[in-house]
Amino acid sequence: MYQEHVVLNGQHWIDVTDPTDEDLQQLKTKFHLTNKFESYVRDSRERSRFEYNDQTKMAMLIWQVIVKDDQLNEYQVVPVSFILTEETLISVVPENTNIVNQTLHELFAQMGTKPLSILTVLLQLLWQLNDQYMDQIDEINTLREALTKFHNNPSNRQIKGLSSLSNQLVHLTTAIDNNAMAIQQIKINANDATDELVLTDKERNLIADVEIETKQSQQMTQDTADLVDRLSNTYNNLLNNTLNDTMRFLTIWSLILAVPPIISGFYGMNICLWQKAILLGLGR
C-alpha cells in the first residue's frame, strides 16, 4: 500500500507497507530509483547496510527490526528499507513490521512544524527501534533464569525452551551486529566536510548517540548469548551424567541376569551326560 504524507513544513513521508510490484514501480518512476536500490528493497533477506548515491543524491538504509511471531511465541528479525532524498523519507516495510510506521507517525506528530531534517527523524526512529532489542534481551534473560531451576535434571520442556532461546539469540546477534555496521557506514560516508553526504552537528551527535545505544545492545546480546551457551553446557553435562549412570546400571544388571542361564546351562549339560551314561550302562 502506497501512502504519501506531508510532514515537517512541507517535507514528505512516503509510506509503502507490504509493497506490491505496482508500488515499487511507482517509487522507481517518481524518484528514479537505481536498479541497485530497487534490488535491496525487493530482497526480504537483505542485510543491514547504508549506501549513498552521489549522482542521485539519494541514500538508502536497511535496518533489522524485531517482530514477534505470535504462533511460535518467538521473536524474528526482519529487514526494513528507508530511502532518503533531500526532503523525502520513503519507508518500505513488510506488513508484520507496523511498529515502524506507528513510531514514525508518533515522531512526526510530536515534532509538528519544527525545522528538522528528514535524517534527524530517521535517526530518532532508529534510537527507538533499538529499544526493542533491549526489551527482548531482558525477556530472554528472564526466561533463561527460569530454565536454571530444575530438580535433578532438566525436563524435555526446559530443553526445548533452551533450544528456542539459542536460536533466537543467533538471529538477534547477527542482526544487531549488522545494524552496528550500518551505523559505521553512515559515519564513513559523512566523515568530513569534503564528503558528498553533508550532516549538521545535530545529526552527527544523533548518529553518535545511536551508535552508542547500538553497541550497548550488541554487548548485552553477546553477554546473554554467552550465558545461554553456558547453561546449555550445564544441561549437556547433566544429561551425559544421567546417561552414564543409566548405562552403568544396565551393564550391571545384564551381568547379573547372565548368571542364571550360565548355571542352568552347565547343570543341564551335566545331567544330559549323566543320563546318557546310565543308559549306556544299562544297555551292556
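Residues numbered from 1 in each chain as written. Predicted model: local features only at pLDDT ≥ 70, side-chain atom pairs only at ≥ 80, totals over all residues. Heavy atoms only, no water.

**Quick word on the overall build of the protein**
Across its full length, the protein carries six helices and six strands. Written out in order from the N terminus, the α and β elements of the protein read β-β-α-α-β-β-β-β-α-α-α-α. A sequence separation of at least 24 residues applies to 61% of the contacts in the protein between residues at least 6 apart. Surface accessibility of the protein: about 16700 Å² in total, with carbon and sulfur atoms responsible for 54%. (Helix = DSSP H or I, 4+ residues; strand = E, 2+ residues; numbered from the N terminus. Contact = heavy atoms within 4.5 Å. Areas by Shrake-Rupley, 256 points an atom, 1.4 Å probe, with all protein chains shown as cover.)

**Section: the nonpolar core**
Core analysis: the biggest nonpolar cluster contains 37 residues, and L61, W63, F82 and V100 have the highest contact counts within it. For this core, the elements supplying multiple residues, two or more each, are β3 (49–53), β4 (58–69), β5 (74–84), β6 (88–93), α3 (98–111), α4 (118–147), α5 (156–189) and α6 (201–283). Among the elements that line this core, the one with the most residues is α4, at eight residues. Apart from the residues lying within four places of it in its own chain, the contact partners of W63 are S48, V78, P79, V80, F82, L126, L129, N179, A182, I183 and T214. Counting residues in each nonpolar core, the second largest holds 16 residues, with L33, F37, Y40 and I62 among its members. (Core = buried A, V, L, I, M, F, W, Y, C linked by side-chain atoms within 4.5 Å. Buried < 20%, exposed > 50% of the residue type's maximum accessible area, 1.4 Å probe, protein only.)

**Things to note about unusual backbone geometry**
Despite not being glycine, D18 shows a phi value in the positive range, around 50°. Its identity as a non-glycine residue notwithstanding, K57 has a phi of 55°, on the positive side. As for its position among the elements, K57 is in the loop between β3 and β4.

**Concerning the packing of aromatic side chains**
The way to describe two aromatic rings as a pair is by their centre distance and the angle between their planes. Under the defined criterion, the tally for this structure stands at one aromatic pair. Centroid distance W13 to F108: 5.5 Å. Interplanar angle 35°. Geometry classified as tilted. Taken together, the residues W13 in strand β2 (residues 11–17) and F108 in helix α3 connect sequence positions 95 residues apart. By relative accessible area, which is 1% here, W13 ends up buried. We classify F108 as buried; its relative accessible area is 8%. (Phe/Tyr/Trp six-rings, centres within 6.5 Å; stacked < 30°, edge-to-face > 60°.)

**Thoughts on the pairing of β6**
Burial analysis of β6 places six of its six residues in the buried class, the great majority of the element. The alternating pattern of β6 places T88, I90 and V92 on one face and L89, S91 and V93 on the opposite face, and all of these are buried. Two strands pair when backbone bridges link them, and β2 and β6 are joined in this way by six bridges, in the parallel orientation. Note that in β6 the partner of W13 across the bridge is L89. Note: β5 against β6, four bridges, orientation antiparallel. Each residue of the ladder has a partner; that of S81, found in β6, is V92. Between β5 and β6, which pair antiparallel in sequence order, lie three residues. (Pairing = 2+ DSSP bridges.)

**Quick notes on helix α2 (residues 35–42)**
Taken as a whole, α2 has its buried residues at F37, E38, Y40 and V41. Buried positions in α2, seen along its axis, are confined to an arc of 160° and lie on one side of it. Where the residues of α2 are buried, they touch α1 (21–31), β3, β4, β5 and β6. (Arc of directions from axis to C-beta.)

**Some points on the pattern of salt bridges**
Applying the stated criterion across every chain, the model contains nine salt bridges. Note that R49 and E51 form a salt bridge whose closest N and O atoms lie 3.4 Å from each other. With a relative accessible area of 22%, R49 lands in the partly exposed category. (Salt bridge = Lys/Arg side-chain N within 4 Å of Asp/Glu carboxyl O.)

**Thoughts on the environment of N236**
Following the sequence through the fold, N236 ends up in helix α6. Taking the relative accessible area as the measure of exposure, N236 reaches 39% and is therefore partly exposed. Remark: the alpha-carbon pair of N236 and P154, spanning 82 residues in sequence, is separated by 9.8 Å.

**Digging into the packing of α4 against α5**
Direction vectors running N to C along α4 and α5 enclose 155°, while the axes themselves pass 11 Å from each other. When the axis of α4 is compared with that of α5, the two are roughly antiparallel. The two elements α4 and α5 cross, and the hand of that crossing is left-handed. Residues L126, N130, Y133, Q136, I137, I140, L143, R144, A146 and L147 of α4 form the contact with α5, whose own contacting residues are Q158, G161, L162, L165, Q168, L169, L172, A175, I176, N179 and I183. (Axes fitted to C-alpha atoms, helices over the stretch in contact; angles between N-to-C directions. Parallel < 35°, antiparallel > 145°, perpendicular 65-115°, else oblique. Left-handed = near helix turned anticlockwise from the far one by under 90°.)

Purely geometric numbers; function is a separate question.
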